[in-house]
Amino acid sequence: PACFTRPKAKRWDHHLSLEAKSRKPSSLKGAAKFLSRPGMISLGGGLPSSETFPFEEMSIKVPRAPKFSEAETHVSGTTITAGKHDIKEGKSLFDLEVALNYGQSVGFAQMVRFVTEHTEIIHEPPYSDWYCCLTVGNTMAWDATLRIFCERGDYILTEEYAFASALETAAPLGIRIAAVKMDEQGLLPEDMDELLSNWDEKARGAAKPHLLYTVPSGQNPTGATQSAQRRQEVYKVCQRHDIFIVEDEPYYFLQMEPYKAGVPPPSSREEFLKVLLPSFLKIDVDGRVLRLESFSKVLSPGTRTGWIVGSEQIVERFARHFESSNQNPSGFSQLALFKLLDEEWGHAGYLDWLMHMRLYYTHRRDALLEACEKYLPREVTSWVPPSAGMFQWIEVPWKKHPGYAQGKSHAEIEEAIFLASVDRGALLSRGSWFRSDKHMAEDKMFFRATFAAAPTDKMQEAIKRFGDALRAEFGLKD
Ligand code: PMP
Ligand code: PLP
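The rules behind these values
Residues numbered from 1 in each chain as written. Chains lettered and ligands numbered in written order. Predicted model: local features only at pLDDT ≥ 70, side-chain atom pairs only at ≥ 80, totals over all residues. UniProt positions renumbered as here; feature names shortened; annotations may be inferred. Core = buried A, V, L, I, M, F, W, Y, C linked by C-beta atoms within 7 Å. Buried ≥ 20, exposed ≤ 12 C-beta atoms within 10 Å, placed from the backbone. Helix = DSSP H or I, 4+ residues; strand = E, 2+ residues; numbered from the N terminus. Contact = placed C-beta atoms within 7 Å. Pairing = 2+ DSSP bridges. Axes fitted to C-alpha atoms, helices over the stretch in contact; angles between N-to-C directions. Right-handed = clockwise from strand over helix to strand, strands pointing away. Parallel < 35°, antiparallel > 145°, perpendicular 65-115°, else oblique. Nonpolar A, V, L, I, M, F, W, Y, C, P; charged D, E, K, R; others polar. Near = placed C-beta within 6 Å. Expected span 1.5 Å × (residues − 1). Arc of directions from axis to C-beta.

Under the annotation held in an unreviewed UniProt entry, the chain carries the name aromatic-amino-acid transaminase and is attributed to Talaromyces stipitatus. Within the UniProt record for the chain, the comment given under Catalytic activity (unreviewed entry) is "an aromatic L-alpha-amino acid + 2-oxoglutarate = an aromatic oxo-acid + L-glutamate". Taken directly from UniProt, the Cofactor (unreviewed entry) text for the chain runs: "pyridoxal 5'-phosphate".

See the structure below:
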């Protein structure tokens, strides 16, 4: 296959933290390689016998592709059962005996194979030595990333508005944020280049950043999506300044149909693959990208399962890190996911499901935008329809607020609008909550609304209430 003829990834020793460099393989996990010797009787690892697992079988009822709706699943869904000894009995490649015991920290081979094949289908990484390792989701994967790449006091680069939890992971580790300005396509490569070219080590009290954290598709909170060209430009700046890229992509498959463009949705899997934007992984000729993948937004957050993709050197450091922390995701989760994804749907059925998600979110976004167009006062709101994710970012020209002339601050006016909306029974998120550099002055004001959570009619009612709150706050007529 082509993957063997591609070049190898660059080495990143100079970017690894002391913690990452200090990790030795787990001696117990390391001994597992001898288990495959024929006739070996293991008295080595303290693996409990599966006789002691009080779980004989597990059943899940799932949609039969392509009948994906809840109603269809209820009527025509298929019930899959996993037994304890299915492997020995020749019924399946995975079973409870294996899934419920200790395994390697990269995840059980069955699931690692599935996500590796999926990665090759979607991203075709352009270097040869890339690997996948299961994670318990992007939250933990990001925490591990920071420990593997950063020291206390380091700066990392990220969008000027960023996912609040990602910032909250970095803060107590003593990692500081160098914020990169954004437009409606997210990160501005010129601003990043300028920031790095003019980095003042003395004034900042730290070396130039070497890690970029970015959410290229449906960025949380702005909903911005980087175009293919933008990704190339950002990648070039990272090459120029020796930056390692972390793409946190839970919304990658929530790329939606262009808003009101009247073009028909992809009619085949081949067409679907063509309309997906190239990931950083796909353009990563150097092996400088770590991709964080999560099933949270496409299957469900409670699976607590995702995976990372990166070069052998980097993925190996994660495997060592997980050996002595969370190990692998829950065996129940891995087994349920394998039964659904590999045995029931296969890659083709999973792509069909992802196409279904694309349309589902397109409809939800359209319903929210319809409400925005109908109910929000245009004098004091503006927005760009998002092309991916689950967030609508709404700009409010706060200097038109009557409080501004009276000397009220950005924070006071933002709070007044927020509370006026809460009083009317509509909860939106305040833009300032996502400010990545709290010291950087904020000259714009935003609110974030999600079209993921509430039923369509409730979501539209909430936008109406937010519109009423804005009219009251800005002293506009109804
Ligand atoms: N602590 C001790 C003393 C143990 O012996 C083990 C398992 N061998 C663990 C922790 C690991 O526990 P867990 O499977 O809950 O991560
Ligand atoms: N990263 C981003 C940008 C997110 O918006 C979220 C969820 O809100 C996560 C990570 C969390 O992902 P996970 O459930 O995989 O931990």
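Let us now look at the nonpolar core. Membership of the largest hydrophobic core comes to 116 residues, with the highest contact counts inside it found for Cys133, Ile156, Met192, Leu211, Ile308, Phe318 and Ile463. Examining the composition of this core, we find that 15 residues originate from one element, helix H13 (residues 331-375), more than from any other. Once residues within four sequence positions are removed from consideration, isoleucine 308 is found in contact with Cys132, Cys133, Thr135, Ala141, Leu290, Arg291, Leu292, Glu293, Val315 and Phe318.

Taken in spatial order, the seven strands of this open sheet run S3-S11-S10-S9-S8-S4-S5, and their pairing is mixed. Here the strands that pair on one side only, and so sit at the sheet edges, are strand S3 (130-135) and strand S5 (176-180). Strand-to-strand twist of the sheet, defined as the mean angle between neighbouring strand axes without regard to direction, takes the value 20°. As judged from the five bridges shared by strand S4 (residues 155-159) and S5, these two strands associate in the parallel manner. Residue pairing across strands places glutamate 159 opposite valine 180, the latter belonging to S5. The sheet strands contacting helix H6 (residues 138-149) are S3, strand S8 (211-214), strand S9 (244-248), strand S10 (289-294) and strand S11 (306-311), and the helix crosses S10 at an angle near 160°.

Of all six residues in S10, six are buried, a share of seventy percent or more. Looking at chain direction, S9 and S10 are connected through four bridges and run parallel. Of the residues in S10, the one forming a bridge with aspartate 248 is leucine 292. What joins S9 to S10 is helix H11 (residues 269-275), and the crossover it makes is right-handed.

The next point concerns the packing of helix H8 (residues 189-197) against helix H10 (residues 228-240). Contact pair H8 / H10: the axes reach a minimum separation of 9 Å and the direction vectors enclose 10°. The angle between H8 and H10 falls in the class roughly parallel. Between H8 and H10, the residues in contact are Pro189, Met192 and Asp193 and Glu233, Val234 and Val237, respectively. Residue classes in the contact of H8 with H10 are distributed as four nonpolar, no polar and two charged.

By the element assignment, alanine 65 lies in the loop between strand S1 (57-62) and helix H3 (70-76). Along the primary structure alanine 65 and glutamate 293 are separated by 228 residues, whereas in three dimensions their C-alpha atoms are 23 Å apart. In this structure alanine 65 touches Trp345, Gly349, Asp352 and Trp353, once residues within four positions along its chain are discounted.

A few words on the site of ligand 2. Taken together, the neighbourhood of ligand 2 is formed by Gly137, Asn138, Thr139, Phe163, Val215, Asn220, Asp248, Pro250, Ser294, Ser296, Pro301 and Gly306. Across the shell around ligand 2, the residue classes tally to four nonpolar, seven polar and one charged.

Here helix H15 (residues 410-423) contains 14 residues, and its C-alpha end-to-end distance of 20 Å stays within 8% of the 20 Å for a straight helix at 1.5 Å per residue. Where H15 is concerned, the buried positions are Ile413, Glu414, Ile417, Phe418 and Ser421. Down the axis of H15, the buried side of the element spans an arc of 135°, and every buried residue falls inside it. Among the exposed residues of H15, those pointing more than 90 degrees away from its buried face are Ala411, Leu419 and Asp423. Along its buried surface, H15 packs onto helix H14 (402-405), strand S14 (429-430) and helix H16 (456-474). A positive backbone phi angle near 85° is found at glycine 425, which sits one or two residues after H15.

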